[in-house]
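Structural characterization, general
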Amino acid sequence: MAMVASLTLTAFLPNADAATQYTVKSGDTLWKIASKYGVSLNQLKQTNNRTSNLIYPGQRLTIPSVTGVTAAEKDLMARLVHAEAKGEPYAGKVAVATVVLNRVASKEFPNTVSGVVHEKANGYYAFTPVQNGEINKPADAEAKRAVNEALTFRGQGSGSLFFYNPKTASSEWIFSRQVTVVIGNHRFAK
């Protein structure tokens, strides 16, 4: 059984946000730590000058600040995940959040989470929950956890920019996209 990790906050950077120092406990992995704080695994490794995934109890790691994604945007993503992937497997919820992050990183879409979620093209919203108001309902804990995991996974996926349910999709265009993975009732594509 993994032990609960302890956290020490230390403000050691002048003129900067307080950096979070984390003391590694037995059972921790870089992935678990990055997921807990919603930071990219690559960013966590880079901040701590790590090339391997090996960590040991007692080691202190600096948790980088989440760049480019505010608490409000994380909440917006979680509400979208909750509305779009209700009843889907957890991996599908992470993949929905990953699509949003991939779109933010793509030159083809708006460069903010809010811009991506609320995007309207040719008179249609990119995401049905924005149109029907489901986006305004609070997210559950699993959707919030999925967003943190997607933030951790950022930059390591297959580049999915779209997802759809083939049983309900009506656009011929979406069927022309290259499928990257199928999770539950959703197909993810680029």
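Read on for a plain summary of the structure. Note that this is a predicted model, so its numbers are computed, not measured.

A short note on the pattern of salt bridges
Summed over all chains, the structure comprises five salt bridges. Asp-75 serves as the salt-bridge partner of Arg-79, at 2.9 Å between the closest nitrogen and oxygen. Of this pair, Arg-79 and Asp-75 are both found in helix H3 (residues 71–84), four residues apart, which corresponds to roughly one turn of the helix. Judged by relative accessible area, which is 17%, Arg-79 ranks as buried. On the basis of relative accessibility, which here comes to 33%, the residue Asp-75 falls in the partly exposed class.

Examining the pairing of strand S7 (residues 179–183)
Strand direction decides the pairing type here: S7 and strand S8 (residues 186–189), joined by four bridges, are antiparallel. Its bridge partner lying in S8, Val-179 is registered against Ala-189. Between S7 and S8, which pair antiparallel one after the other, the connecting turn spans two residues, and Gly-184 there sits at a positive phi close to 60 degrees.

Re the sheet that holds strand S6 (residues 162–164)
Whether parallel or antiparallel, the strands of a sheet pair through hydrogen bonds between backbone atoms. Pairing in this open sheet of three strands is antiparallel, and the strands run S6-S8-S7 from one edge to the other. Since the sheet does not close on itself, it has two edges, and those belong to S6 and S7, each with one partner. Strand after strand, the sheet turns through a mean of 20 degrees between neighbouring axes, direction not considered. Relative to S8, S6 runs antiparallel, the two being bridged by three bridges. Paired with Phe-162 across the bridge in S8 is Ala-189.

Structural notes on helix H7 (residues 141–153)
Here H7 spans 18 Å end to end across 13 residues, near enough to the 18 Å set by a 1.5 Å rise per residue. In the core, the buried residues of H7 are packed alongside helix H1 (30–37), helix H2 (41–47), H3 and helix H4 (90–105).

Some thoughts on unusual backbone geometry
With phi around 50 degrees, Asn-49 is a residue other than glycine that occupies positive phi space. With respect to the helices, strands and loops of the structure, Asn-49 is situated in the loop between H2 and strand S3 (60–63). The backbone phi angle of Asn-122 is positive, close to 50 degrees, even though this residue is not glycine. Mapping Asn-122 onto the fold places it in the loop between strand S4 (120–121) and strand S5 (124–125). Look at Asn-122 and you get exposed, because its relative accessible area is 76%.

Describing the environment of Ser-52
If you trace the backbone, Ser-52 turns up in the loop between H2 and S3. Spatially, the C-alpha atoms of Ser-52 and Leu-30 are 9.7 Å apart, while their sequence positions differ by 22 residues. Setting aside its immediate chain neighbours within four residues, Ser-52 contacts Leu-30 and Lys-45. Polar side-chain contacts of Ser-52 include one of 3.2 Å to the backbone nitrogen of Leu-54.

Remarks on the environment of Ala-141
Counting through the fold element by element, Ala-141 comes out in helix H7. The sequence separation of Ala-141 and Ala-78 amounts to 63 residues, and the corresponding C-alpha distance is 8.8 Å.

Description of the layout of surface pockets
When its volume is computed, the largest pocket comes out at roughly 930 Å³. Lining the largest pocket are 26 residues, and of these Tyr-125, Ala-126, Phe-127, Thr-128 and Phe-163 sit closest to its centre. When residues of the lining of the largest pocket are traced back to their parent elements, those giving at least two are H3, S4, S5, helix H6 (128–132), S6 and helix H8 (172–175). Here the lining of the largest pocket is built from residues that sort into 14 nonpolar, eight polar and four charged.

Conventions and cut-offs
- What you see as residue numbers is a count from 1 along each chain, following the sequence as written.
- Selection of residues for local features in this predicted model requires a pLDDT of at least 70, selection of side-chain atom pairs for listing and counting requires 80 or more, and totals for whole chains, interfaces and linings are taken over all residues.
- The basis for every side-chain value is the complete set of heavy atoms in the structure, and neither hydrogens nor water enter the calculation.
- The salt bridge criterion pairs a side-chain nitrogen of Lys or Arg with a carboxyl oxygen of Asp or Glu, the two atoms within 4 Å.
- Numbering of helices and strands starts at the N terminus; helices are DSSP runs of H or I of at least 4 residues and strands are runs of E of at least 2.
- A simple rule labels every residue: compare its accessible area, found with a 1.4 Å probe on the protein chains alone, to the largest value its type can have, and call it buried under 20%, exposed over 50%, or partly exposed in between.
- Pairing between strands is defined by DSSP: at least two bridges between them are needed.
- Lines are fitted to the C-alpha atoms to define the axes, a helix being fitted only along its stretch in contact, and any angle between axes, read from their N-to-C directions, falls within 0 to 180 degrees.
- By this rule the span expected of a helix is its residue count minus one, scaled by 1.5 Å.
- Only heavy atoms matter for contacts: two residues are in contact if any of them lie within 4.5 Å across the pair.
- For the purposes of these results, a polar contact is taken to be a pair of N or O atoms within 3.5 Å, where, inside protein, one atom must be able to donate a hydrogen and its partner to accept one; residues adjacent in sequence count only when each atom of the pair is a side-chain atom.
- Buriedness of a pocket was judged along seven lines, with at least five required to meet protein on both sides within 12 Å; pockets are open sets of points on a 1 Å grid over the protein atoms alone, cavities are sets where a 1.4 Å probe fits but cannot get out, and lining residues have an atom within 4 Å of a point.
- Grid points are joined across faces, edges and corners, and a volume is the space filled by probe spheres set on the points.
- Nonpolar residues are Ala, Val, Leu, Ile, Met, Phe, Trp, Tyr, Cys and Pro. Charged residues are Asp, Glu, Lys and Arg, and all others, Gly as well, are polar.

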